[in-house]
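Listed below, chain by chain, are the residues.
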Amino acid sequence: SRDQVAACTLFDDADLNEWLRKGDYTVRLLRAIAAGCKAEPGLNAWYEPDSQSRRVLARVDVAIAVDTAEGLIVPVVRDVANRSPAELRREVARLKAAAAARSLAPQELRDFSIMLSNFGTIAGRYATPLVVPPAVAILGAGSLKHDVVAVMGRIEAHLRMPLSLTFDHRVVVGGEAARFLAAVIKDLQQPD
């Protein structure tokens, strides 16, 4: 992918201080990716180098990186934008268990439209995740940290999620990427 993609990475943080319930970060990230794709559909796309064209996809199918004892496996959560949080939670749990058991069907590993790397569950604040063609974008979520932030003239500690959005700059312009990331952050910063 390094030789095929003109990779550019944009970094920012989502402030999770308003979250009422801590916990299900993957489902919240999936929902936020769907919000980002709604704001900027061009990141939910495939690039076809032969015709030098981007094909924007209607359905948001997110490939999620799952770290297993035998290596990285990347199953796909289908139709993220049209599923409830409970449905997403069940599907993520099913895919992770199937990845660990190495029982995923081949169709569960292909035809994703965008990717998520939640590397922060292990370590790391920011990264430059690799875009895997034909997709044009991947969102990385880093380790949650309490950061000191200025709020109305005083200092508070807020839980923040570092985000790293890598995109193929041959196909996605900086404004699209920034608007996508802004929509992801806006969604993540909602209380629930």
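Anything mentioned here points back to the structure above.
Residues numbered from 1 in each chain as written. Predicted model: local features only at pLDDT ≥ 70, side-chain atom pairs only at ≥ 80, totals over all residues. Heavy atoms only, no water.

**Comments concerning the overall build of the protein**
So the rule is basically this: Secondary structure follows DSSP: runs of H or I at least 4 residues long count as helices, runs of E at least 2 residues long count as strands, and numbering of each begins at the N terminus. Computation of the radius of gyration draws on C-alpha atoms alone. For the globule rule, the value is 2.2 Å times the number of residues to the power 0.38. To sort residues, take the accessible area from a 1.4 Å probe on protein chains only and compare it with the maximum for the residue type: under 20% means buried, over 50% means exposed, and anything in between is partly exposed. In what follows, a contact means two residues having at least one pair of non-hydrogen atoms within 4.5 Å. Only the protein chains shown count as covering a residue, and every accessible area follows the Shrake-Rupley method with a 1.4 Å probe. Neither His nor the chain termini are counted; the positive set is Lys and Arg, and the negative set is Asp and Glu. Where a charge lies is defined by one atom per residue type, namely NZ (Lys), CZ (Arg), CG (Asp) and CD (Glu).
Each helix and strand counted, the protein has three helices and eleven strands in total. Tracing the protein from N to C terminus, the helices and strands come up as β-α-β-β-β-β-β-β-α-β-β-β-β-α. Against the globule reference of 16 Å for 192 residues, the protein gives a C-alpha radius of gyration of 16 Å, in line with a compact fold. Dimensions of the protein, computed from the C-alpha atoms along their principal axes, are close to 55 × 40 × 30 Å. Sorting the 192 residues of the protein into buried and exposed places 46% on the buried side. Taking contacts inside the protein between residues at least 6 apart in sequence as the whole, the part at least 24 apart equals 64%. Surface summary for the protein: the accessible area is close to 9600 Å², and the carbon and sulfur share equals 54%. Taking the average place of the 24 positive charges on the side chains of the protein and the average place of its 23 negative ones, the gap between the two points comes to 3 Å.

**What about the nonpolar core?**
Within soluble globular proteins, side chains that are nonpolar generally end up buried alongside one another. Cut-off, in case you're wondering: As used in this record, nonpolar core signifies buried Ala, Val, Leu, Ile, Met, Phe, Trp, Tyr and Cys residues forming a set joined through side-chain atoms within 4.5 Å.
Ranked by internal contacts, the top residues of the largest apolar core, which has 45 residues, are L30, I33, V62, L163, L165 and L188. Listing elements by their share of this core, those giving two or more residues are helix 1 (25-39), strand 2 (45-48), strand 4 (62-64), helix 2 (85-101), strand 8 (114-117), strand 9 (137-141), strand 11 (154-168) and helix 3 (174-188). Among the elements that line this core, the one with the most residues is helix 1, at seven residues. If sequence neighbours within four positions are ignored, L188 has contacts with A14, L16, W19, R28, L29, A32, M161 and L163. Of all hydrophobic cores here, the second largest spans nine residues; its members include V74, V76, V131 and I138.

**Here we look at the side chain of H158**
As a reminder, the rule being used: In protein, a polar contact requires one atom able to donate a hydrogen and another able to accept it; more generally it is a pair of N or O atoms within 3.5 Å, and residues adjacent in sequence count only if both atoms are side-chain atoms.
Here H158 lies in strand 11. Among the polar contacts made by the side chain of H158, one reaches the side chain of E156 at a distance of 2.6 Å. Residues contacting H158, with those up to four places away along its chain left out, are D15, N17, K145, H146, D147, V149 and V151.

**Re the environment of P162**
Among the structural elements, P162 can be located in strand 11. Along the backbone, P162 and D24 are 138 residues apart, and their C-alpha atoms lie at a distance of 16 Å. Setting aside anything within four residues of it in sequence, one finds P162 in contact with D12, D13, R125, Y126, G140, A141, G142 and S143.

**What to know about the packing of aromatic side chains**
Our working rule: Centres within 6.5 Å make a pair out of two Phe, Tyr or Trp rings, where for Trp the six-membered ring is used; the pair is then stacked when the planes are under 30 degrees apart, edge-to-face when over 60, and tilted otherwise.
By the definition in use, this model includes two aromatic pairs. With 5.7 Å between their ring centres and 85° between their planes, F11 and Y126 make a pair best called edge-to-face. Of the two residues, F11 sits in strand 1 (residues 7-15) while Y126 sits in the loop between strand 8 and strand 9, which places them 115 residues apart along the sequence. Note on F11: relative accessible area 40%, which makes it partly exposed.

**Side note on helix 1**
Keep this limit in mind: To estimate the expected span of a helix, subtract one from its residue number and multiply by 1.5 Å.
For helix 1, with 15 residues, the first-to-last C-alpha span of 21 Å sits near the 21 Å given by 1.5 Å per residue. When helix 1 is considered as a whole, its buried residues turn out to be T26, V27, R28, L29, L30, A32, I33, A34, G36 and C37.

**Digging into the pairing of strand 8**
In plain terms, the rule: When DSSP finds at least two bridges between two strands, those strands are taken to pair.
Here strand 8 shows two buried faces, one formed by I114 and L116 and the other by M115 and S117. Pairing of strand 4 with strand 8, which is carried by three bridges, proceeds in the parallel orientation. Bridge pairing in strand 8 places I64 opposite L116. Pairing of strand 8 with strand 9, which is carried by three bridges, proceeds in the parallel orientation. The residue bridging S117 from the neighbouring strand is G140, located in strand 9.

**Re the packing of helix 1 against helix 3**
Spelled out, the test is: Between N-to-C directions, angles cover 0 to 180 degrees, with each direction set by a line fitted to C-alpha atoms, over the stretch in contact for helices. When an angle is under 35 degrees it counts as roughly parallel; over 145 it counts as roughly antiparallel; between 65 and 115 it counts as roughly perpendicular; any other value is oblique. In this scheme the handedness of a crossing depends on how the near helix is turned from the far one: anticlockwise by less than a right angle means left-handed, clockwise means right-handed. Each residue gets one of three labels, nonpolar for Ala, Val, Leu, Ile, Met, Phe, Trp, Tyr, Cys and Pro, charged for Asp, Glu, Lys and Arg, and polar for the others, Gly among them.
Between helix 1 and helix 3, the least distance of the axes is 8 Å, while the angle of their chain directions is 140°. Between helix 1 and helix 3, the angle is such that the two are oblique. In this structure, the crossing between helix 1 and helix 3 has a hand that is right-handed. In contact with R28, L29, R31, A32, I33, A35, G36, C37 and A39 of helix 1, helix 3 contributes F180, A183, V184, D187 and L188. Of the residues in the contact of helix 1 with helix 3, the class split is ten nonpolar, one polar and three charged.

All we've got here are geometric facts, nothing functional implied.
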